[in-house]
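Residue strings, one per chain:
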Amino acid sequence: MRHARRRVVRRVTRLAAVGGLLLGATMVTRAVAAEPPAPDPVPYAAAEEGTGPGSALVSRLGASRTAGSWLGEDGRTVVAVTDEKAAAEVREAGADPKLVRHSMRDLKSATKTLDSAPRVPGTAWAMDYRSNEVVVRGDSTVSANDWSDLTQVAEGAGGFVRMERTEGTFTTRINGAEPILSTAGRCSAGFNVTDGKSEFILTAGHCGPDGSVWFADDGGRKKVGTTVGGSFPGDDYSLIEYDGGRAGEGAGVVSVGNGQGIRITGVGDPTVGQRVFRSGSTSGLRDGEVTALNATVNYPEGTVSGLIETNVCAEPGDSGGPMFSEGIALGVTSGGSGDCRQASGTTFFQPVTKALAQLKVDLLVAPKAQGGADTAAPAPSASAGAAAARDAASPGSPAAGIGASTLLSRLTDPRNVGPGMLVIGGSLMALVATRWIRAEQDRKAYQRYYSATWG
């Protein structure tokens with residue numbers, strides 16, 4: 001009778017274990033099916049539709065008949081032209097022409113003259129398409145003699161060069177979406193990119209030379225990766241290869257603070273007048289507009305050219321942080337002047353498209369949001385602090401709750417493979433245990449029988 005009960009218990013245990021294996025396999029299959037797809041790499045030339053028809057018109061009409069394009073206050077594309085025939089072609093293309101005196105060729109000639117002059121740290125210049133001028137700015141560190149010498153150079157470049165003094169200093173912003181730290185200082189993670197084999201952080205080049213080791217904490221316990229390439233001065237970009245080679249969950253999302261993230265769905269070049277957003281670990285999410293392209297800045301460390309000029313504020317620690325609009329990656333924070341307490345100043349960004357092309361990497365983008373909506377229209381943001389800006393602004397497609405999850409929460413989350421693997425593991429242990437128990441019982445029974453027959 002006792003042996004019959006044991007056989008029943010063993011059979012029930014085996015059936016339960018087999019059922020557990022089937023249940024665990026089903027849970028794992030469903031969890032894998034429910035996992036969001038991995039971020040897809042996007043070539044740097046993709047998703048440039050945000051630039052509108054202006055750049056195409058400028059390219060078609062030529063540098064001697066145009067002088068740049070921008071977005072007007074009504075959102076329509078405006079193209080600066082030098083003759084009535086070009087204006088007619090712009091109207092026919094659906095944009096608004098503005099007759100100007102100086103062509104793009106004139107503006108470029110003036111900037112070339114400025115580039116050839118002796119470098120004066122604390123100065124910057126860019127072509128202002130809307131005023132049809134080249135604007136030269138000097139910060140508080142520029143001496144009166146240096147400013148006088150540069151003014152003479154500007155006068156020789158043409159009567160359309162405007163000289164402006166600005167408060168603060170033009171500096172790189174070491175000290176971002178997520179903070180990263182090394183012996184070189186503190187910077188911000190920009191966008192995640194890949195070369196097809198490994199994954200990297202694209203950030204500012206001035207953050208640190210090749211070989212710089214980066215951590216996510218000031219105790220040096222959470223290693224992020226190592227700088228493996230970049231350019232500064234001249235340009236301002238660098239790559240940090242992830243420790244382990246992978247960016248992990250949320251690679252196509254940038255942090256905007258308060259546990260929130262924005263899906264990045266493409267990459268492109270900005271337009272003058274375009275509304276943009278910047279995220280940084282020091283000052284949070286901020287917004288403004290693009291004021292100029294191809295700007296040159298003379299930092300104390302050296303000259304950087306080809307930058308995007310904006311009126312978005314930034315502070316030390318925001319270097320390398322992402323700039324984007326409608327989910328499109330545009331730039332990484334380089335430097336500037338001013339601060340966010342008064343929401344003032346000028347901030348420059350390294351264009352992402354050029355960095356991707358030079359480094360031969362592609363941007364990692366987020367999977368499409370449910371329902372197919374990738375982006376949301378931006379709403380006006382407040383200027384009284386990062387928290388207010390986060391509450392009021394909608395810079396793209398939000399991905400709430402992006403963050404590092406613990407092992408326990410992942411194992412207990414029914415949407416992940418953890419629970420299914422636990423069920424499978426428990427079932428296998430039950431099968432092994434019943435097999436071992438049966439073998440042990442058979443061994444003891446044989447031993448008893450052998451002892452009896454021997455005696």
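Residues numbered from 1 in each chain as written. Predicted model: local features only at pLDDT ≥ 70, side-chain atom pairs only at ≥ 80, totals over all residues. Heavy atoms only, no water.

Draft legend 1. Fine view of the overall build of the protein. The helix and strand tally for the protein stands at 9 helices and 26 strands. For the protein, buried positions account for 45% of its 455 residues. Total accessible area computed for the protein in this model is approximately 22200 Å², and 54% of it derives from carbon and sulfur atoms. (Helix = DSSP H or I, 4+ residues; strand = E, 2+ residues; numbered from the N terminus. Buried < 20%, exposed > 50% of the residue type's maximum accessible area, 1.4 Å probe, protein only. Areas by Shrake-Rupley, 256 points an atom, 1.4 Å probe, with all protein chains shown as cover.)

Draft legend 2. Quick look at the pairing of strand E19 (residues 275-280). Burial within E19 is extensive, with 5 of its 6 residues counted as buried. Sheet analysis places E19 next to strand E20 (residues 284-299), joined by 6 bridges and oriented antiparallel. Along E20, the bridge assignment pairs Arg 275 with Glu 289. Between E19 and E20, which pair antiparallel in sequence order, lie 3 residues. (Pairing = 2+ DSSP bridges.)

Draft legend 3. Molecular detail of the packing of helix H2 (residues 54-61) against helix H3 (residues 84-92). In the contact formed by H2 and H3, the axes pass within 11 Å of each other and the chain directions differ by 145°. Our pair here, H2 against H3, has a crossing hand that is right-handed. Contact residues: H2 offers Leu 57, Arg 60 and Leu 61, while H3 offers Ala 86, Glu 89 and Val 90. (Axes fitted to C-alpha atoms, helices over the stretch in contact; angles between N-to-C directions. Left-handed = near helix turned anticlockwise from the far one by under 90°. Contact = heavy atoms within 4.5 Å.)

Draft legend 4. Structural context of the nonpolar core. Ranked by size, the top nonpolar core spans 32 residues in total, and within it Leu 114, Tyr 129, Val 134, Val 136 and Val 161 carry the most contacts. Counting residues per element, the ones that place at least two in this core are strand E2 (66-71), strand E3 (77-81), helix H4 (104-116), strand E5 (123-128), strand E6 (133-138), helix H5 (144-157), E20 and strand E23 (328-337). Ignoring any residue separated from it by four or fewer positions in sequence, one finds Val 161 in contact with Ala 110, Val 134, Val 136 and Ala 154. Judged by nonpolar contacts, the second largest core, of 23 residues, contains Phe 191, Val 254, Ala 355 and Leu 359. (Core = buried A, V, L, I, M, F, W, Y, C linked by side-chain atoms within 4.5 Å.)

Draft legend 5. Looking closely at the side chain of Arg 286. Summarising the element assignment, Arg 286 is placed in strand E20. Despite its burial, Arg 286 remains without a salt bridge, the nearest opposite charge being carried by Glu 315 at 6.2 Å. A polar side-chain atom of Arg 286 sits 3.1 Å from the main-chain carbonyl oxygen of Ser 283. (Lys, Arg positive; Asp, Glu negative; His and termini not counted. Salt bridge = Lys/Arg side-chain N within 4 Å of Asp/Glu carboxyl O. Polar contact = N/O pair within 3.5 Å; in protein donor to acceptor, adjacent residues only side chain to side chain.)

Draft legend 6. Structural context of the packing of aromatic side chains. This structure, assessed with the given rule, holds 2 aromatic pairs. Centre to centre, the rings of Phe 277 and Phe 324 are 6.4 Å apart; their planes meet at 15°, and the pair counts as stacked. Note that Phe 277 is positioned in strand E19 and Phe 324 in strand E22 (residues 322-325), a separation of 47 residues in sequence. Here Arg 165 stacks its cationic end above the ring of Trp 147, 4.9 Å away from the centre of that ring. (Phe/Tyr/Trp six-rings, centres within 6.5 Å; stacked < 30°, edge-to-face > 60°. Lys NZ or Arg CZ within 6 Å of the ring centre and 35° of its normal.)

Draft legend 7. How the structure looks around the environment of Ser 131. Of note, Ser 131 is situated in the loop between E5 and E6. Given the relative accessible area of 33%, Ser 131 is considered partly exposed. For the pair Ser 131 and Phe 160, spaced 29 residues apart in sequence, the C-alpha separation works out to 9.2 Å. Here Glu 133 takes part through its side chain, which lies 3.1 Å from a polar atom of the side chain of Ser 131.

Draft legend 8. Structural view of the state of the cysteines. In total, this model carries 2 disulfides according to the counting rule given. For Cys 187, the disulfide goes to Cys 207, at an S-S distance of 2.0 Å. Judged by the sign of its S-S torsion, about -100°, the bond between Cys 187 and Cys 207 is left-handed. Taken together, the residues span a long stretch of sequence, with Cys 187 in strand E10 (residues 185-188) and Cys 207 in the loop between strand E12 (199-203) and strand E13 (213-215) at a distance of 20 residues. Cys 207 carries the same exposure label as Cys 187, and that label is buried. Each sulfur in the disulfide pair Cys 313 and Cys 340 lies 2.2 Å from the other. An S-S torsion of about 105° defines the bridge between Cys 313 and Cys 340 as right-handed. Here Cys 340 lies in the loop between E23 and strand E24 (346-351) and Cys 313 lies in the loop between strand E21 (302-310) and E22, a separation of 27 residues in the sequence. By the burial criterion, Cys 313 is buried, and Cys 340 matches it. Disulfide partners in the protein, listed by the sequence order of the bonded cysteines, are 1-2, 3-4. (Disulfide = S-S within 2.5 Å.)

Draft legend 9. Spatial organisation of the pairing of strand E11 (residues 191-194). Burial of E11 is two-sided: the residues Phe 191 and Val 193 facing one way and the residues Asn 192 and Thr 194 facing the other way are all buried. Relative to E12, E11 runs antiparallel, the two sharing 4 bridges. Bridge pairing in E12 links Thr 194 to Glu 199. Hairpin connection of E11 to E12: 4 residues between the antiparallel strands, including Gly 196 at a positive phi of 95°. In this sheet, strand E25 (residues 362-365) lies alongside E11 in antiparallel orientation, the contact comprising 2 bridges.

Draft legend 10. View of unusual backbone geometry. Cis geometry is found at the peptide bond from Phe 232 to Pro 233, where omega equals -10°. Looking at the secondary structure, you find Pro 233 in the loop between strand E14 (223-231) and strand E15 (237-242). Backbone geometry at Glu 326 places phi at a positive 55°, although glycine is not the residue there. Mapped onto the secondary structure, Glu 326 falls in the loop between E22 and E23. Its identity is not glycine, yet Lys 360 carries a phi of approximately 60°, on the positive side. Mapped onto the fold, Lys 360 is located in the loop between helix H6 (352-359) and E25. Residue Lys 360 is classed as exposed on the basis of its relative accessible area of 69%.

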